[in-house]
Amino acid sequence: MIRVHDTLQRRKVDFLPIDPSHVRLYACGPTVYGLIHIGNARPLVAFDVVARHLRARFPKVTYVRNVTDVDDKIIQRAAEAGEEPQALAARFAAEYRKDAEALGCLPPDVEPRVTTHIPEIVALIETLCARGVGYVVDGDVYFAVERFAGYGELSGQPLDQLESGSRVEVDERKQSPLDFALWKSAKPGEPSWPSPWGAGRPGWHIECSAMAERYLGVEFDLHGGGVDLIFPHHENERAQSQGAHGAGTFSRHWLHNGFVNFNDKKIAKSDERMQRLLKRAFTLRVLLDRHGGEAVRFFLLTTQYRHPINFEVLGSPPQDGAAVGPGSGSPPQDGAAVGPGSGSPPQDGAAVGPGSGAERGGEGDELRFPGLEEAERQVEYGYLTMRRLGEALAVGKDPGAGPVLEEAAGWLGELGEALDDDFNTAGALAALQQGLGVANRLLDGKLAAPKDVKRRTLMRLAADLAAASGELGLLCADPATWLSAHRARRAAARKLDVAAIEAAISERAAARAAKDFARSDAVRDQVKLLGVELMDGASGTTWRVAD
RNA sequence: GGCGCCGUCGCCAAGUUGGUAAGGCAACGGACUGCAAAUCCGUCAUUCUCCGGUUCAAAUCCGGACGGCGCCUCCA
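Nothing here was measured: the structure is a model prediction, and the numbers come from that model.

A. Seen up close, the pairing of strand β5 (residues 134–137). Here β5 runs beside strand β6 (residues 140–143); their pairing, made up of four bridges, is antiparallel. Counterpart to V137 in the pairing with β6 is D140. A loop of two residues connects β5 with β6, the two strands running antiparallel in sequence, and D138 in this loop sits at a positive phi of about 50 degrees.

This is the structure we're talking about:
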């Protein structure tokens, strides 16, 4: 039995799908006006695990994750860049998909964009107007909050308090200050679509209502997004959909992920300098290039999705340089700086060697991200174990059916139970680490077992590891491939000369063969200074970049 | 002003429909190794911010204090 924390009920509840043969999930995706940052990555990963685990527990899951591709901010950025808004949105939507893939997120079943669902949106607004909860003013359409009884239920906001707390200039044409736009009439130069109320574009919240209905029906199981979306976005989505289709419709449960805080503060709340830093140096892309997608994913999974997670940054921030000098005040050009093609992943071969000058102007190079470093080490441990397992299993013959060691039998079940409990990925990771530990112990010969039992257990561990990978979206790559890419990435970061390292290894091998251990150790010490650790194994010497 | 979250070992982090503190990192000791790395083993919270209360029993429930954070119209 899966249990989920439902924001609407403010407690953990048993998850009983409306249709157990088909679970339906909707998650709010990003507005694509620039490269996403680590904070945007959290819901991506969190709801990817939700979808994966639901698939493990139910026969069919439809996961819808939208892309908002028309919005004030897109229009503004496009104007700044002298680009068509739709072109800019399409460009960053593509970049976003690259990031999502690098994070190990499976593509959602449907990834609807707002601009291709205008007819559905218009139809929904028409329904709302027909039912008297929407009203038209000069080509704009608003939702009448006071005519919808359930308003405020999701966020727990009493209406009167909201009004008094409102700190935004109130549009006098609205019937109530709380009313929000369903349709905005077009201003000159803005993208627009024809509608019964004149040319215009959708308001911020209506797209999710319309697209969820289109792909999941009037009623579905789960709706997810960041905590900041509870109010007003999700409150308004719910109001729109229930306003059109009645109480009890729309999503049955609401899931909200906590923030990724930046040195213990919300990113948007951190001071101006830090924000600028974030935009230039901490796009998700930079972190992915530096530590790999799986490390970022592992990091995000170490904390249960509802809790805040702190993204720690050590070291002195890059100098703001020109930005603090006279003539400062120009907005960060993150949009313009990341045109298509600038974010190509490191090429295994090409990036190695001393001359790879593809550094990003040194920006952020002196910064360290301890959380990502530890996560990367954990992922490496996983792949090292998998490689050992694969090597052991590559020889020998099938032991047939029979018992396996007890130590290896329980962890996958624990992993599943942890995920059942409101997608507790921290608990699941702990179970995974137990499984990896058992594999290493067995491989080390630390567990007593008859030959056939041992081999059968190793096979079981490999199979269970594959199952765990599928649910967590970790350790899904081929170990040799991942490990070599990982090493290449780290070697490139340290500007190591791979050919020189391999030459040193050959030289040392000759010295060792001649029992010249003094020479051998000299070579070891020499490469150690470069941050390279040599590992002598049965099949020769390999190397890794030290932590 | 209103709504809500959080405070568990040096660090990260499970556990909160009550039943007697997972796991990871770091540290220290050890096995293995010609020396290393990787891997493995052992040690590492009588205690869960503090003070009361309920209970046979509380990190888990209730009240209060202190500390941190978030939302209250376009930010994941």
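After that view of the structure, there is still more to cover.
B. Representation of helix α4 (residues 118–130) in the model. Look at α4: 18 Å from first C-alpha to last across 13 residues, which is about the 18 Å you get at 1.5 Å a residue. Of the surrounding secondary structure, the elements contacted by the buried residues of α4 are β5, β6, β7 (180–185), β8 (200–202), α6 (206–216) and α7 (230–245).

C. View of the pattern of salt bridges. Under the defined criterion, the tally for this structure stands at 36 salt bridges. Across the pair R238 and E153 runs a salt bridge, and its minimum N-O distance is 2.8 Å. Taken as a pair, R238 in helix α7 and E153 in the loop between β6 and α5 (159–165) lie far apart in primary sequence, 85 residues in all. For E190, the salt bridge goes to R201, with nearest N and O atoms at 3.2 Å. You can see E190 sitting in the loop between β7 and β8 and its partner R201 sitting in strand β8, a full 11 residues away along the chain. Assigned by exposure class, E190 and R201 land together as buried. One salt-bridge network, in which partners are shared between bridges, spans D72, K184, K187, E190 and R201.

D. The side chain of N440, seen in detail. If you trace the backbone, N440 turns up in helix α14 (residues 425–443). Once residues within four sequence positions are removed from consideration, N440 is found in contact with Y381, T385 and R388.

E. Inspection of the confidence of the model for chain A at higher detail. Mean pLDDT for chain A: 87, with 87% of residues reaching 70 or above. Confidence, expressed as mean pLDDT per element, reaches its minimum in chain A at helix α11 (residues 334–337) with 33 and its maximum at strand β4 (residues 61–65) with 98. In this model residues 319–364 is a low-confidence stretch, pLDDT under 50, and it forms 51 contacts with partners more than four residues away in sequence or in other chains. We note a pTM of 0.91 for the whole complex and an ipTM of 0.96 for its interfaces.

F. Highlighting the packing of aromatic side chains. The final tally for this structure, using the stated rule, is 13 aromatic pairs. Taking the centre distance of 6.2 Å and the plane angle of 70 degrees together, the rings of F143 and F148 count as edge-to-face. This pair shows no difference in class: F143 is buried, exactly as F148 is. Consider the rings of F299 and F311, whose centres lie 5.9 Å apart with planes at 75 degrees: the pair is edge-to-face. Placement of F299 in helix α10 (residues 293–301) and of F311 in strand β13 (residues 309–311) is noted, with a sequence separation of 12 residues between them. Assigned by exposure class, F299 and F311 land together as buried. Among the aromatic residues, those joined into a cluster by ring pairs are F47, Y305 and F423.

G. Local environment of the sheet that holds β4. Across the sheet, which stays open at both edges, the four strands sit in the order β4-β3-β9-β10 with parallel pairing between neighbours. With partners counted over all chains shown, the strands left at the sheet margins are β4 and β10 (250–257), one partner each. The mean angle between the axes of side-by-side strands here comes to 20 degrees, regardless of whether they run parallel or antiparallel. As judged from the five bridges shared by strand β3 (residues 23–27) and β4, these two strands associate in the parallel manner. Bridged to Y26 within β4 is V64. Strand contacts of helix α1 (residues 38–57): β3, β4, β9 (219–226) and β10, with the helix running at about 170 degrees to β4, the strand carrying the most contacts.

Procedures and definitions
- Residues numbered from 1 in each chain as written.
- Chains lettered and ligands numbered in written order.
- Predicted model: local features only at pLDDT ≥ 70, side-chain atom pairs only at ≥ 80, totals over all residues.
- Heavy atoms only, no water.
- Pairing = 2+ DSSP bridges.
- Helix = DSSP H or I, 4+ residues; strand = E, 2+ residues; numbered from the N terminus.
- Expected span 1.5 Å × (residues − 1).
- Contact = heavy atoms within 4.5 Å.
- Salt bridge = Lys/Arg side-chain N within 4 Å of Asp/Glu carboxyl O.
- Buried < 20%, exposed > 50% of the residue type's maximum accessible area, 1.4 Å probe, protein only.
- pLDDT = per-residue confidence, 0-100.
- Phe/Tyr/Trp six-rings, centres within 6.5 Å; stacked < 30°, edge-to-face > 60°.
- Axes fitted to C-alpha atoms, helices over the stretch in contact; angles between N-to-C directions.

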